[in-house]
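# Topology and contacts: notes
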Amino acid sequence: MFENFSLWPESASTFAGPIDAIYLFLLGLSASFVVFILSTLALFCFRYRRRPDRQPVPIEGSLPLELVWSGIPLALVFFVFGWGTRVFVRVLTPPAEAMSFHVTGKQWMWKVQHPTGQSEINSLHVPLGEEIVLTMISEDVIHSFFVPAFRVKSDVVPGLYSSLWFKPTKVGVYHLFCAEYCGTKHSEMVGQVVVLDPADYQLWLDGRPAEKDPIEAGALLFQNLRCDTCHTAGSGVPPGGARGPDLVGRFGTSAPLSDGQTVRFDERYVRESLLEPNKRLSAGFQPLMPSYQGQVREDEILSLIAYLKSLQSADGSGER
Ligand code: CUA
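To start, this report covers the structure provided alongside it. (Residues numbered from 1 in each chain as written. Predicted model: local features only at pLDDT ≥ 70, side-chain atom pairs only at ≥ 80, totals over all residues. Heavy atoms only, no water.)

### What to know about helix H1 (residues 16-47)
With 32 residues, H1 ought to run about 46 Å at 1.5 Å a step, and its terminal C-alpha atoms sit 46 Å apart, in line with that. Elements in contact with the buried residues of H1: helix H2 (63-92). (Helix = DSSP H or I, 4+ residues; strand = E, 2+ residues; numbered from the N terminus. Expected span 1.5 Å × (residues − 1). Contact = heavy atoms within 4.5 Å.)

Okay, structure coming up:
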C-alpha cells in the first residue's frame, strides 16, 4: 500500500547527504522553536492568569535578557548561513575534470548529448561514480532540469548556458522533471536518469547508433562556416593573415578586450561572440566578424564549443 508513498526522495548522489542534513537541521530547529514558544506561551497563560489577589507589576526591560534572545538566534542564523553557503558553493562549482554532457531543453522534451557523441531524448544514461557536468541551454522558453534523487535543479534558459553537476552513487532509474511551467505540456516534460555500472554504460554506448563526436562535428562546422578563414585553429595562419584571434589554447583563459576589460573565454563568451561578435571584441582586432544568428542551432554551437575546448596549445596553456 505504501510503496508509492515516501516522505523522502531516494538518495542517489553525493549531494543527497549534505543537502538532506541541512534540511533536517532546519526542520528540527524550527520544530524545537515551535515547541519552545508554544509551551512557554501555555505556561505563561497559566502562571500569569488574572487573579483577584494579585496586582501586576510593570517591567522596565532587561538588558541581559534582550542580549540572550537576540544573540542566540543571531548565532543560529549565522551558523546556518555558513553551512548552507559551503554546500551551495560546492553544488555550484563543477569539477574541472569531469564528463561533459550537453542538454538542450525545448517544448516539450530534453535532448542530451554524451561526451562521445551519442544522443538521447527524455533520458540520460550516466556511469556510476563519475563526476558528470551538464551544460544546458533552452531553444525556446525557460525550463528547469530537476532530478530529486540527486538533489539538483537548475533553470535552463534561452540564450544563456547554465551548468549543473553531480556524482551518482547508486545504480537505478530516477525521475527527471521539468520544474518550471513552460506551456501546455509542461507536465509531460519528464524523463528518466539511468545510472549504470561503468561497464554497462559502455555497453549501452556501444549499442547506440554511431553519431559524430562533438569535437569532430565542431571541427567540421568550423570549416563549413568558414571560421578558419579568419581564425587559426591549429593548422597555420589563415590565408590573408589573421583577421581574428587565434583560438588555439584560448578556452578557459582570460581574454583581453578592445575596451581594456578582460573576459573569461568560456561557453558563454564563445556563444555570444558567434551571435553578437562585436559586443565584446577581442583586443587588437577590427569588428569584421558577421553574426551567425539564425545560422547555427544551439546543438551546433555546443559542438563548436567542444571543438574549441579541445584545441589545447602545445605548452598546455588553456587548461581549465
Ligand atoms: Cu519545460 Cu516545464
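### Comments concerning the sheet that holds strand S4 (residues 123-127)
The mixed open sheet is built from five strands, whose spatial order is S4-S10-S9-S6-S7. The open sheet has two free edges, formed respectively by S4 and strand S7 (152-156), since each of these has just one partner strand. Within the sheet, the average angular offset between the axes of one strand and its neighbour, ignoring direction, is 20°. As defined by bridge partners, strand S6 (residues 143-147) adjoins strand S9 (residues 172-178) across two bridges and the pair is classed as antiparallel. Following the sheet pairing, Phe145 is matched in S9 by Cys178. Taken strand by strand, helix H3 (residues 198-206) contacts S4 and strand S10 (191-196), and its axis lies near 135° from that of S4. (Pairing = 2+ DSSP bridges. Axes fitted to C-alpha atoms, helices over the stretch in contact; angles between N-to-C directions.)

### Examining the sheet that holds strand S5 (residues 132-138)
If you trace the five strands from one edge of the open sheet to the other, you get S3-S2-S1-S5-S8, paired in mixed fashion. Both edges of this open sheet fall to strand S3 (119-121) and strand S8 (162-166), since each of them pairs with a single strand only. Averaged over all pairs of adjacent strands, the angle between strand axes in this sheet comes to 25°, irrespective of strand direction. Pairing geometry for strand S1 (residues 99-106) and strand S2 (residues 109-113), over five bridges, is antiparallel. Note that in S2 the partner of Lys106 across the bridge is Met109.

### Quick notes on the pattern of salt bridges
Tallying each qualifying case throughout the model produces nine salt bridges. Lys170 is the partner of Glu10 in a salt bridge, and the nearest nitrogen-oxygen pair spans 2.9 Å. Separated by 160 residues along the polypeptide, Glu10 in the segment before H1 and Lys170 in the loop between S8 and S9 bring together distant segments of the chain. We classify Glu10 as partly exposed; its relative accessible area is 42%. Ionic pairing is found between Lys309 and Glu267, a salt bridge with its closest N-O pair at 3.3 Å. In this pair, Lys309 sits in helix H6 (residues 298-310) while Glu267 sits in helix H5 (residues 267-275), placing the two residues 42 residues apart along the sequence. For Lys309, a relative accessible area of 23% gives the class partly exposed. Of the residues examined, Glu267 reaches a relative accessible area of 12% and is grouped as buried. (Salt bridge = Lys/Arg side-chain N within 4 Å of Asp/Glu carboxyl O. Buried < 20%, exposed > 50% of the residue type's maximum accessible area, 1.4 Å probe, protein only.)

### Side note on the packing of aromatic side chains
Overall, the coordinates contain 14 aromatic pairs when judged by the stated rule. Aromatic pair Trp8 and Tyr23: ring centres 5.6 Å apart, planes at 55°, arrangement tilted. Of the two residues, Trp8 sits in the segment before H1 while Tyr23 sits in helix H1, which places them 15 residues apart along the sequence. Relative accessible area serves as the criterion here: at 47%, Tyr23 is assigned to the partly exposed category. Here a set of aromatic residues connected by ring pairs shows up, and it is made of Phe25, Phe79 and Trp83. One Lys or Arg, Lys153, reaches over the ring of Phe146 and ends 4.6 Å from the middle of that ring. Lying over the aromatic face of Tyr161, Arg271 brings its terminal NZ or CZ to 6.0 Å of the ring centre. (Phe/Tyr/Trp six-rings, centres within 6.5 Å; stacked < 30°, edge-to-face > 60°. Lys NZ or Arg CZ within 6 Å of the ring centre and 35° of its normal.)

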